[in-house]
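Residue strings, one per chain:
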Amino acid sequence: MEKKFTNMRDIARSFSSAMNLLRPETDKLHQRVAYLAYNIAREMDYSEEDLKEMLYASVLYDVGIVLMPERGADKERYTFKELAGAGLGIIGDVQRLKPVCEIMRAADPEWETSEDLFGMDRYKKFGEIIEVADKIAFMLDPKDAALNQVEDISMAVQDMASEGISNDVIEAYLRFAEKDYVWMEVLHQPELFLNYIPNINTVTLDDMIEMAKFMSRIIDFRSSYTAMHSSGVAVTAVRLAEIMGMSEDECKKMMIAGYLHDIGKLKVPKSVLEKNDKLSDSEFNIVKEYAYYTSILLQNIAGFEQIGKWAALHHEKLNGYGYPFRLKADDIPMGARIIAIADIFSAVAEIRAYRSGMSKDEVIATLQQNVETGAMSGYIVDILIKNYDNIFAVRDDVVRKEGARYYASVVDVDE
């Protein structure tokens, strides 16, 4: 049996905070949805295992939003039912989160199957609970006293019966809503949902790789420009680490760092990500912030002491002119140096919507220029160049597979 590496409580804390970056207009949205959904479900006497599944689904319920067209401020927000199908395209192969996938599958209006329907009604009910929690979380106004908002919220929830929400879900909400204190908690301390997750839940390194991989899709699938980037960085970094003689566990941690190195980029507006021209100074300042957010999001996960540094410091330069911490060579760990080189290599080699990937000679020239300016490790770059064809082939195979998943998901959404 593989040993425990981290726990689901820390992962849920980090991922819910990361998902909030996608909707900055609604602070602590995912924490509120998780808190509300769990407690509404508890009013319905679900088992502890059911409640745990509900909690994870509540944190990740809207991952599909990264594949959906952006809606203007004057348009209705996407509902969980609208997002469910797209979410399956991102999370569908994560075995550790299979119950979450079943909840999404049951919520998808276009879901059709000849498979055994056992449990599907239960999963549909979970989806309804999340839909109600999402509605409440969006209605809450942190600028007003929580109790001033209960009457309007309760009326809106009762009106959801016309949208297909079951009476027992609405009745469970109304019982929960009678307790004054819960409104203060959901408005001001929704992080209390973490108390419902046992921190003894074992997450192995292999589990974490699987979850980091799906999280990288949330990061990358926002744009066709970046759809395969993190997968390319991860596999390139691991291949370099293997050649350099790192241990099996270190290589697994390198894979996780590669998948999550851009997690703070969820805060960068899509318009900046997809700009074809050179970024303005103000736009580049926005981009420079994301490495700091990567550091914040990963620093409090147990077992991530190395991973967090490797991921967050990939824009630091040996000459001290990187960002956001302006570290110099002695303060930049080897893992971060590897991720930095894998990041540049993948970025210039990959094909993007607005340009072709660089040729082998152009990629090598770019890497060598970074060595000459004192930005990157010449030792690691030499290893990459000597093993270029092998590393390129490994990266190319992985990004093609991930690209196929992305474009299949986009087609499903658009149809």
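All values derive from a computational prediction rather than experimental measurement.

Thresholds, definitions, all that
- Residues numbered from 1 in each chain as written.
- Predicted model: local features only at pLDDT ≥ 70, side-chain atom pairs only at ≥ 80, totals over all residues.
- Heavy atoms only, no water.
- Helix = DSSP H or I, 4+ residues; strand = E, 2+ residues; numbered from the N terminus.
- Rg over C-alpha atoms; globule rule 2.2 N^0.38 Å.
- Buried < 20%, exposed > 50% of the residue type's maximum accessible area, 1.4 Å probe, protein only.
- Contact = heavy atoms within 4.5 Å.
- Areas by Shrake-Rupley, 256 points an atom, 1.4 Å probe, with all protein chains shown as cover.
- 1 Å grid on protein atoms, 1.4 Å probe; cavity = no way out; pocket = protein on both sides within 12 Å on 5 of 7 lines; lining within 4 Å.
- Points joined across faces, edges and corners; volume = space filled by probe spheres on them.
- Nonpolar A, V, L, I, M, F, W, Y, C, P; charged D, E, K, R; others polar.
- Expected span 1.5 Å × (residues − 1).
- pLDDT = per-residue confidence, 0-100.
- Core = buried A, V, L, I, M, F, W, Y, C linked by side-chain atoms within 4.5 Å.
- Axes fitted to C-alpha atoms, helices over the stretch in contact; angles between N-to-C directions.
- Parallel < 35°, antiparallel > 145°, perpendicular 65-115°, else oblique.
- Left-handed = near helix turned anticlockwise from the far one by under 90°.
- Phe/Tyr/Trp six-rings, centres within 6.5 Å; stacked < 30°, edge-to-face > 60°.
- Lys NZ or Arg CZ within 6 Å of the ring centre and 35° of its normal.

### Details of the overall build of the protein
Right, on to step 1. Counting its regular elements, the protein contains 20 helices and zero strands.
Right, on to step 2. For 415 residues, the compact-globule formula gives about 22 Å, and the C-alpha radius of gyration of the protein, at 22 Å, lands near that figure.
Right, on to step 3. Each principal axis of the C-alpha distribution contributes one length, and for the protein these read about 65 × 50 × 45 Å.
Right, on to step 4. The 415 residues of the protein split such that 54% are buried.
Right, on to step 5. In the protein, 73% of the contacts between residues at least 6 apart in sequence involve partners at least 24 apart.
Right, on to step 6. Accessible area of the protein: about 18,700 Å², with a carbon and sulfur share of 48%.

### Some words on empty space enclosed by the protein
Right, on to step 1. Under the defined criterion, the tally for this structure stands at four cavities of 30 Å³ or more.
Right, on to step 2. Approximately 80 Å³ is the volume found for the largest cavity.
Right, on to step 3. Along its surface, the largest cavity is lined by M8, I11, A12, F15, Y56, V59, L60, L97, M211 and F214.
Right, on to step 4. Counting only elements with at least two residues in the lining of the largest cavity, the list comes to α1 (8-20), α3 (48-60) and α10 (205-220).
Right, on to step 5. Counting residues per element, the lining of the largest cavity draws most heavily on α1, at four residues.
Right, on to step 6. Along the lines of polarity and charge, the residues of the lining of the largest cavity split into ten nonpolar, no polar and no charged.
Right, on to step 7. The computed volume of the second largest cavity comes to approximately 60 Å³.
Right, on to step 8. Surrounding the second largest cavity, L313, E316, L318, I332, A336, R337, A340, I341, A375, M376 and S377 form its lining.

### Digging into the environment of L279
Right, on to step 1. Positionally, L279 belongs in the loop between α13 (270-273) and α14 (281-288).
Right, on to step 2. Relative accessible area serves as the criterion here: at 26%, L279 is assigned to the partly exposed category.
Right, on to step 3. Through-space distance from the C-alpha of L279 to that of P190 is 37 Å; in sequence the pair is 89 residues apart.
Right, on to step 4. Each residue touching L279, except ones within four places of it in the same chain, is listed here: V272, F284 and V287.

### Re the layout of surface pockets
Right, on to step 1. For the second largest pocket, the calculated volume is near 710 Å³.
Right, on to step 2. Surrounding the second largest pocket, 25 residues form its lining, L22, E25, I65, E70 and R71 being those nearest its centre.
Right, on to step 3. Across the lining of the second largest pocket, the residue classes tally to 13 nonpolar, two polar and ten charged.

### Brief notes about helix α12 (residues 248-260)
Right, on to step 1. With 13 residues, α12 extends 19 Å from end C-alpha to end C-alpha; this agrees with the ideal 18 Å at 1.5 Å per step.
Right, on to step 2. The buried count for α12 comes to ten of 13 residues, which makes it a mostly enclosed element.
Right, on to step 3. Those residues of α12 that are buried are in contact with α10, α11 (229-243), α15 (290-298), α16 (305-312) and α17 (334-349).

### A look at the confidence of the model for the protein
Right, on to step 1. Model confidence for the protein is summarised by a mean pLDDT of 90, while 94% of its residues fall at 70 or above.
Right, on to step 2. In this model residues 411-415 is a low-confidence stretch, pLDDT under 50, and it forms three contacts with partners more than four residues away in sequence or in other chains.

### Describing the side chain of D62
Right, on to step 1. Its location among the elements puts D62 in the loop between α3 and α4 (80-91).
Right, on to step 2. Given the relative accessible area of 1%, D62 is considered buried.
Right, on to step 3. Among residues more than four places away in sequence, those in contact with D62 are M19, R23, L29, H30 and L83.

### Comments concerning the nonpolar core
Right, on to step 1. Membership of the largest hydrophobic core comes to 134 residues, with the highest contact counts inside it found for W183, M208, F214, I218 and I256.
Right, on to step 2. Aside from chain neighbours lying at most four places away, what touches I218 is M19, L22, V63, V66, I90 and L266.
Right, on to step 3. Core analysis: the next-biggest nonpolar cluster, separate from the first, contains six residues, V272, L273, Y290 and Y323 among them.

### As for the packing of α4 against helix α5 (residues 98-107)
Think of two packed helices as two axes; the pair is described by the angle between the axes and how far apart they sit.
Right, on to step 1. Relative to each other, α4 and α5 sit at 135°, their axes nearing to 8 Å. Accordingly, the angle class assigned to the pair α4 and α5 is oblique. Between α4 and α5 lies a crossing whose hand is left-handed. Each of F80, K81, A84, G87, L88 and I91 in α4 lies in contact with α5, whose residues at this interface are V100, C101, I103, M104, R105 and A107.
Right, on to step 2. A per-class count over the contact of α4 with α5 returns nine nonpolar, one polar and two charged.

### Considerations on the packing of aromatic side chains
Right, on to step 1. One pass over the structure, following the stated rule, counts 16 aromatic pairs.
Right, on to step 2. Seen in terms of ring centroids, Y292 and Y293 are 5.9 Å apart; in terms of plane orientation they differ by 80°. Their pairing is edge-to-face.
Right, on to step 3. Using a relative accessible area of 40% as the deciding quantity, one classes Y292 as partly exposed.
Right, on to step 4. Using a relative accessible area of 25% as the deciding quantity, one classes Y293 as partly exposed.
Right, on to step 5. When the centroid spacing of 6.0 Å and the interplanar angle of 10° are considered together, the rings of Y388 and F392 count as stacked. Here the residue Y388 and the residue F392 both occupy positions in helix α20 (residues 388-414), the gap between them amounting to four residues, near one helical turn.
Right, on to step 6. Judged by its relative accessible area of 4%, Y388 is buried.
Right, on to step 7. Through pairs of rings, three or more aromatic residues link up here, namely Y35, Y38, F176 and Y196.
Right, on to step 8. The ring of Y123 has R122 lying over it, and the distance from NZ or CZ to the ring centre is 4.7 Å.
Right, on to step 9. The ring of F392 carries the charged tip of R395 above its face, separated from the ring centre by 5.1 Å.

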